[in-house]
Amino acid sequence: MKSAPRPFFRNRDQMIPGRPAPVTQVGVLGWLRTNLFSSWFNTLLTVAALVLLWRIVPPLLGWTVFNADFSGETGEECTAAGACWAWVDQRINQFLYGFYPPRAYWRVNVALLLLIPAVAYVLFDKLPYAKYGRWYSLSYPVIAAILLIGGFGIERVPTDQFGGFMLNLVAGLAGIALSLPIGILLALGRRAKLPVVRYASVIFIEVVRGVPLITLLFVAIIILELFLPPRVSLAQLVRVMVMITAFSSAYMSEVIRGGLQSIPSGQDEAAQAMGLSYWKKMRLVILPQALKISIPGIVNTFIGLFKDTTLVVTIGLFDILGQARLLQTNPDWIGKVDHETFLLAALFFFVICFSMSRYSINLERRLDTTRR
Amino acid sequence: MRTTNWAKGAVMALAIAMAGVSAHAGTLEDVQSAGVLKCGINTGLAGFAYTDDMGTWTGFDVAYCRAVAAAVLGDPDAIEFVVLTGKTRFPALQAGEIDVLARNTTWTLSRDVDLGLTFVGVNYYDGQGFIGRKALGVMSATELDGASVCIQTGTTTELNLADFFRTNNMEYEPVPIETNAEARAAYEADRCDVYTTDASGLAATKATFDDPDAHIVYPEVISKEPLGPLVRHGDDQWADIARWVLNALIIAEELGVTQGNVERLAGGTDHPEINRMLGSEGSYGEMLGLASDWAVHAIKAEGNYAEIFDRYIGPDTRLGLQRGLNALYKDGGILYAPPFR
């Protein structure tokens, strides 16, 4: 006789109590396992990286900090095996302000302080008094120019005394602030239906982009000079800023054109169907989407532009890199500060460029409306 | 038709403006009315042009600028320094952006003639040399067959080096490097046997090594590099002033006139040439278009040639350069200024 088929499941009459996850999966150990030792290949890479770090970090710290000299009047007094930082104390102002007169350093500092709200109102919404803040941001360049150059009752400082990191900031920020709007116009111009506008944009972009920046700088410094009357010279800083801005505008326009291309033509047609004019269509429909897509490229161009400001050293302006080289030729320090001065300059650039890059990531997240 | 006329007019105006640049005479009046001398200097060269703690320009070439400013304007600080690279220095001078260029520039025919510049003298006789390790066992540059040579690219030193090795039938392996500081580091890191640059640079380089005595500067100097200040073609009065300021500094050394005693000697001495130079006899300042005590101001600015040399590049500085060729003719050098009379 066939027995009744056994049920292949049975009801559990009591729940198994929850147990903690295995120690190898959670906590420090779990993190190590999943991130560093998940396979033999990753284990190998981890070990190799650790060895490399061990070989690099302690000597680097030893050189830059523990075995370094921090005080002294000349390079002669730097006798330790490590870096020589004794110059920082007497030279830091020149690295920051260049040949700007010391009695007017406060003006640079005030301009920098005023920059913070000006930038904040551009970058972040939801700030108090945003309506007035925008106007303040727009007028900031004028305020900064008066503070830095003088006039209107303030002592004038010729722009060729600008130098150090301040010069990098002035040239870089002016370039950034101007190259975005000019780049947008060029990108729109390149897609325009009017041949005059289109060809003018194409010629500008291709000519400027097809020439190295350093060549443009030499044109600004040398060739322009031959057309000006003797003993009259357009400030070098102005020429440099014009060239850097033109150069990055050309790059910027291509980045933005990439964003424009990626907007489906349906958006364009829909906006037209709504009866929007060209500028309204661009401002309300096309550009917000195109710019959002272009953020990484735009910030990339900004960072490149900011670092390009060091090229002014080749035409005899002393930005922070120029100051570093200048100190290297000072008989008191010669041969002692070749690496240290460059390291300090690099640190300044890293801080600024890294902040820009972090902000761009933040902005991308904030504006991301599609993939959430 | 109207446009062509307009274009013609513009071209004419431009041509006149350009002609105005090249034939512009009256630099002295320009400088005096501006109250400031525009002097072109190096972007930084140990001993010759560098900045001190306060960011003030100083150095051997800078001292000459200050002497000219003192002679012309009576104030050694009435200067606007225009910092120039190797590439921007000549256009800046040609275009009138500067009045005088004192930027360790080698006097060559093409620069003097073709570029339309006027060298007003030599303030430092330099020449290309070699530095090597004593451990190499070589005592002369003529024994360097097969050596690897660290060299800064894009300079005349490259050409001189090739010429020297070819005329001596020797082989060498060039190690090209972009800047002087990198070349020095490469030599120190043993990437090449010897390092070549101008002798003044070699001495400065040697002084920075941890163990200077382990290195030797070979006696051979393979090129002539007479470095001097220069002005534009076409303004002889201004060139004369620049030339005689330099001469006055050299003659002051010859005659024992120093920064310290120049004021006292200016009152009149038994030595006729000192009197002529310092203006208590004759009207030599007037001939130049300057005040009679122009040389007093020039010497008071930074001292005579020897004082300037010793202060910035001489044996007691970190550069530790010997006078060598730059000694007065009566001390075995070739420094020889025409007389004041």
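Note on numbering: residues in each chain are counted from 1, in written sequence order. Starting at A for chains and at 1 for ligands, labels are handed out in the order in which the entities are written. In keeping with the model being predicted, local features are shown solely for residues with a pLDDT of at least 70 and side-chain atom pairs are shown and tallied solely at 80 or more, while totals for entire chains, interfaces and linings include all residues. As a convention, hydrogens and water are excluded, and side-chain values are obtained from all of the structure's heavy atoms.

1. Some words on the overall build of chain B
Line of reasoning, step 1. Runs of H or I in DSSP of at least four residues are treated as helices and runs of E of at least two as strands, each being numbered from the N terminus. The number of helices and strands found in chain B is 14 helices and 13 strands.
Line of reasoning, step 2. Computed over its C-alpha atoms, the radius of gyration of chain B comes to 23 Å, within 12% of the 20 Å expected for a compact globule of 341 residues.
Line of reasoning, step 3. Based on the C-alpha atoms only, the size of chain B along its principal axes is roughly 75 × 65 × 40 Å.
Line of reasoning, step 4. With a 1.4 Å probe rolled over the protein chains alone, any residue whose accessible area is under 20% of its type maximum counts as buried; one over 50% counts as exposed, and the rest are partly exposed. Expressed as a percentage of the 341 residues in chain B, the buried residues total 53%. All radius of gyration figures rest on C-alpha atoms, and the globule criterion is 2.2 Å times the number of residues raised to 0.38.

2. Focus: the overall build of chain A
Line of reasoning, step 1. Across its full length, chain A carries 13 helices and zero strands.
Line of reasoning, step 2. Helices and strands in chain A line up, N terminus first, as α-α-α-α-α-α-α-α-α-α-α-α-α.
Line of reasoning, step 3. In terms of overall dimensions, chain A is more spread out than a globule: its C-alpha atoms have a radius of gyration of 29 Å, far above the 21 Å expected for 372 residues.
Line of reasoning, step 4. Oriented by its inertia axes, the alpha-carbon framework of chain A measures out at about 120 × 75 × 45 Å.
Line of reasoning, step 5. The 372 residues of chain A split such that 39% are buried.
Line of reasoning, step 6. Whether two residues are in contact is decided by their heavy atoms, any of which lying within 4.5 Å being enough. Here the contacts in chain A between residues at least 6 apart in sequence split such that 64% fall between residues at least 24 apart.
Line of reasoning, step 7. Taken as a whole, chain A presents about 22,300 Å² of accessible surface, with 68% of it coming from carbon and sulfur.
Line of reasoning, step 8. Neither His nor the chain ends contribute to the count of charged residues, in which Lys and Arg are positive and Asp and Glu negative. To locate a charge, take atom NZ for lysine, CZ for arginine, CG for aspartate or CD for glutamate. Mean positive and mean negative side-chain charge positions of chain A (34 and 21 charges, respectively) differ by 18 Å. Here, Shrake-Rupley sampling with a 1.4 Å probe gives the accessible areas, and only protein chains in the shown set may cover a residue.

3. Notes on a negative patch on the surface
Line of reasoning, step 1. A surface patch of negative charge is lined by Glu73, Glu77, Asp89 and Asp332 of chain A together with Asp53 of chain B.
Line of reasoning, step 2. Along the chain, the position of Glu73 of chain A falls in the loop between α2 (40–66) and α3 (86–97).
Line of reasoning, step 3. Classification of Glu73 of chain A as exposed rests on a relative accessible area of 53%. Residues enter patches when their relative accessible area tops 30% and they take part in no salt bridge; the joining distance is 9 Å for like charges and 5 Å for the nonpolar side chains Val, Leu, Ile, Met, Phe, Trp and Tyr. A pairing counts as a salt bridge when a side-chain nitrogen of Lys or Arg comes within 4 Å of a carboxyl oxygen of Asp or Glu.

4. Notes on the environment of Val138 of chain B
Residue and element names in this part refer to chain B.
Line of reasoning, step 1. In this structure, Val138 sits in the loop between β8 (128–133) and β9 (147–152).
Line of reasoning, step 2. Look at Val138 and you get buried, because its relative accessible area is 11%.
Line of reasoning, step 3. Along the chain, Val138 and Glu80 lie 58 residues apart, while their C-alpha atoms are 47 Å from each other.

5. As for the domain arrangement of chain A
Residues and elements named next belong to chain A.
Line of reasoning, step 1. Delimitation of the domains relies on an automatic or database domain assignment. One can read the domain layout of chain A as domain 1 (101–157) and domain 2 (165–367).
Line of reasoning, step 2. Across the contact, seven residues belong to domain 1 and six residues belong to domain 2.
Line of reasoning, step 3. Buried area: the accessible surface (1.4 Å probe) lost by two parts on joining, summed over both. Buried surface at the junction of domain 1 and domain 2, both sides included, amounts to about 520 Å², of which 76% is carbon and sulfur.
Line of reasoning, step 4. Among the residues domain 1 hides against domain 2, the three largest losses belong to Leu123, Phe124 and Leu148. Together they make up 55% of the total.
Line of reasoning, step 5. Identification of polar contacts relies on pairs of N or O atoms within 3.5 Å, with a donor-acceptor requirement for protein atoms, meaning one able to donate a hydrogen and the other able to accept it, and with residues adjacent in sequence counted only if both atoms are side-chain atoms. Applying the counting criterion to the domain 1 and domain 2 interface returns zero residue pairs in polar contact (both at pLDDT 80 or more).

6. Quick notes on the nonpolar core
Line of reasoning, step 1. By size, the foremost hydrophobic cluster in this structure holds 77 residues, and its most contacted members are Trp87, Tyr100, Leu148, Phe162 and Leu260 of chain A.
Line of reasoning, step 2. Among the domains, domain 1 (101–157) and domain 2 (165–367) of chain A are the pair contributing at least three residues each to this core.
Line of reasoning, step 3. Once residues lying within four places of it in the same chain are set aside, the contact partners of Tyr100 of chain A are Tyr105, Arg107, Val108, Leu147, Leu148, Val157, Gln161, Phe162 and Met166 of chain A.
Line of reasoning, step 4. Counting 69 residues, the second largest nonpolar core, distinct from the first, contains Phe318 of chain A together with Phe48, Tyr50 and Ile251 of chain B. We define a nonpolar core as any set of buried Ala, Val, Leu, Ile, Met, Phe, Trp, Tyr and Cys residues linked to one another through side-chain atoms lying within 4.5 Å.

7. Topic: the confidence of the model for chain B
Residue and element names in this part refer to chain B.
Line of reasoning, step 1. On average, chain B scores 87 in pLDDT, and the residues at 70 or more come to 92%.
Line of reasoning, step 2. Scored between 0 and 100, pLDDT is the confidence that the predictor attaches to each residue. The secondary-structure element of chain B with the lowest mean pLDDT is helix α1 (residues 2–22), recorded at 46, while helix α3 (residues 60–73) shows the highest, at 96.
Line of reasoning, step 3. A low-confidence stretch, residues 6–23 (pLDDT under 50), is modelled with eight contacts involving residues beyond four sequence positions or located in other chains.

8. A short note on the interface of chain B and chain A
Line of reasoning, step 1. Tallying the contact residues gives 36 residues for chain B and 31 residues for chain A.
Line of reasoning, step 2. Taking both partners together, chain B and chain A bury about 3,000 Å²; carbon and sulfur atoms supply 57% of that area.
Line of reasoning, step 3. By the criterion of area lost to chain A, the three top residues of chain B are Asp53, Glu97 and Arg318 of chain B, representing 19% of everything that side buries.
Line of reasoning, step 4. Where chain B packs against chain A, one counts one salt bridge.
Line of reasoning, step 5. In this structure, Arg184 of chain B and Asp338 of chain A form a salt bridge, with 2.5 Å as the shortest nitrogen-oxygen distance.

9. Quick word on the packing of aromatic side chains
All names here are of chain B.
Line of reasoning, step 1. Working definition: a ring pair exists when centres of Phe, Tyr or Trp rings (six-membered ring for Trp) sit within 6.5 Å. Plane angles under 30 degrees give stacked, over 60 give edge-to-face, the rest tilted. Under the definition given, this model contains 31 aromatic pairs over all chains.
Line of reasoning, step 2. With a centroid separation of 5.7 Å and 40° between ring planes, the pair formed by Phe130 and Phe164 is classed as tilted. Of this pair, Phe130 sits in strand β8 while Phe164 sits in helix α6 (residues 156–167); the two residues are 34 residues apart in sequence, bridging distant segments of the chain.
Line of reasoning, step 3. For Phe164, a relative accessible area of 11% gives the class buried.

10. Remarks on helix α6 (residues 164–190) of chain A
Residue and element names in this part refer to chain A.
Line of reasoning, step 1. The end-to-end C-alpha distance of α6 is 37 Å, a good match for the 39 Å that 27 residues give at a rise of 1.5 Å each.
Line of reasoning, step 2. Think of it this way: the bend at a residue is just the angle between two axes, each fitted to seven residues, one set ending at that residue and the other starting at it. Remark: the principal bend of α6, roughly 30°, maps to Ser179, with a proline, Pro181, within the next four residues.
Line of reasoning, step 3. Within α6, 19 of the 27 residues are buried, which leaves the element mostly enclosed by the surrounding structure. Expected helix span is taken as 1.5 Å per residue step, with the number of steps being one fewer than the number of residues.

11. Examining the pattern of salt bridges
Pairing is possible between side chains that carry opposite charge, provided their charged atoms lie close to one another.
Line of reasoning, step 1. Under the counting rule described, the total for this entry stands at 15 salt bridges over all chains.
Line of reasoning, step 2. Of the charged contacts in the structure, one is a salt bridge between Arg209 of chain A and Glu254 of chain A, with a shortest N-O distance of 3.8 Å. Pair noted here: Arg209 of chain A is in helix α7 (residues 195–209) and Glu254 of chain A is in helix α9 (residues 236–261), with a separation of 45 residues, a long-range link.
Line of reasoning, step 3. A salt bridge links Glu302 of chain B to Arg66 of chain B, with the nearest nitrogen and oxygen atoms 2.6 Å apart. With Glu302 of chain B in helix α13 (residues 294–302) and Arg66 of chain B in helix α3, this pair connects stretches of sequence that are 236 residues apart.
Line of reasoning, step 4. Note on Glu302 of chain B: relative accessible area 7%, which makes it buried.
Line of reasoning, step 5. Using a relative accessible area of 18% as the deciding quantity, one classes Arg66 of chain B as buried.
Line of reasoning, step 6. Put simply, Arg190, Glu206, Arg209, Glu254 and Arg257 of chain A are held in one network by salt bridges that share partners.

12. A word on the pairing of β8 of chain B
Residues and elements named next belong to chain B.
Line of reasoning, step 1. Most of β8 sits inside the fold, with six of its six residues counted as buried.
Line of reasoning, step 2. Covered by surrounding structure in β8 are Gln128, Phe130 and Gly132 together with Gly129, Ile131 and Arg133, the residues of both alternating faces.
Line of reasoning, step 3. By this definition, two strands are paired if DSSP reports at least two bridges between them. Bridge count for β8 against strand β11 (residues 194–198) is five bridges, and the pairing is antiparallel. Each residue of the ladder has a partner; that of Ile131, found in β11, is Tyr195.
Line of reasoning, step 4. Pairing between β8 and strand β12 (residues 215–217): three bridges, direction antiparallel. Along β12, the bridge assignment pairs Ile131 with Val217.

13. Some points on helix α5 (residues 130–149) of chain A
Note: α-helices contain 3.6 residues per turn, so residues at a spacing of three or four share the same orientation.
Residue and element names in this part refer to chain A.
Line of reasoning, step 1. Helix length check: α5 (20 residues) gives 28 Å between terminal C-alpha atoms against 28 Å at 1.5 Å per residue, within 8%.
Line of reasoning, step 2. For α5, the set of buried residues is Gly133, Ser137, Tyr140, Ala144, Leu147 and Leu148.
Line of reasoning, step 3. Looking at the buried positions of α5, the neighbouring elements they touch are α4 (105–123) and α6.
Line of reasoning, step 4. Downstream of α5 by one or two residues, Gly150 has phi in the positive range, about 100°.

14. Concerning the environment of Val312 of chain A
Line of reasoning, step 1. By the element assignment, Val312 of chain A lies in the loop between α11 (278–308) and α12 (320–328).
Line of reasoning, step 2. Here Val312 of chain A is in contact with Leu167, Leu217, Val240, Leu317 and Asp319 of chain A, once residues within four sequence places are set aside.

15. Topic: the domain arrangement of chain B
Residues and elements named next belong to chain B.
Line of reasoning, step 1. Taken domain by domain, chain B consists of domain 1 (10–125 + 226–331) and domain 2 (128–223).
Line of reasoning, step 2. Each of domain 1 and domain 2 has a C-alpha centre, and the two are 32 Å apart.
Line of reasoning, step 3. Facing five residues of domain 1, the contacting portion of domain 2 comprises six residues.
Line of reasoning, step 4. On the domain 1 side of the contact with domain 2, Arg318, Leu319 and Leu321 bury the most area, a combined 70% of that side's loss.
Line of reasoning, step 5. Linking domain 1 with domain 2 are zero salt bridges.

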